[in-house]
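Residues per chain, in single letters:
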Amino acid sequence: SVARKDSNNMKAQLMLGIGGFISGQYEKAAARLEKVVSREPDNLEAVAFLADTYSAMGKKEEAIRWYTVSKKLANSPEYSKEADERIRKMSLE
């Protein structure tokens, strides 16, 4: 209801985007997460879920793009290793 009242509430959009990803509603999830990322480009959670959403949709180029962005935002060797592994697995598909 918060998102309906205020579509600019990025926390609500993020939660609905994550929910869409979890429930397999990837198109809706991507649209909501794109909205969050456009307004909050440093939101690692939104960027990471957006990468996972595009990966689940089979949109490899978009997924790789967002995994790369998430690696820069996280600035963590452990996170980068995980993101690189996801990219590698997509390349094998």
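Described in the following lines is the structure provided in the data block.

1. A look at the pattern of salt bridges
Moving on, step 1. Across all of its chains, the model carries five salt bridges by this definition.
Moving on, step 2. With a closest N to O distance of 2.9 Å, Glu-82 and Arg-86 form a salt bridge. Linking Glu-82 with Arg-86, this pair stays in helix α6 (residues 77-92), spanning four residues, or about one helical turn.
Moving on, step 3. In this structure Glu-82 comes out as partly exposed when scored by relative accessible area, which is 39%.
Moving on, step 4. Here Glu-85 ties to Arg-88 by a salt bridge, and the two come within 2.7 Å at their closest N and O atoms.

Rules and cut-offs
- Residues numbered from 1 in each chain as written.
- Predicted model: local features only at pLDDT ≥ 70, side-chain atom pairs only at ≥ 80, totals over all residues.
- Heavy atoms only, no water.
- Salt bridge = Lys/Arg side-chain N within 4 Å of Asp/Glu carboxyl O.
- Helix = DSSP H or I, 4+ residues; strand = E, 2+ residues; numbered from the N terminus.
- Buried < 20%, exposed > 50% of the residue type's maximum accessible area, 1.4 Å probe, protein only.

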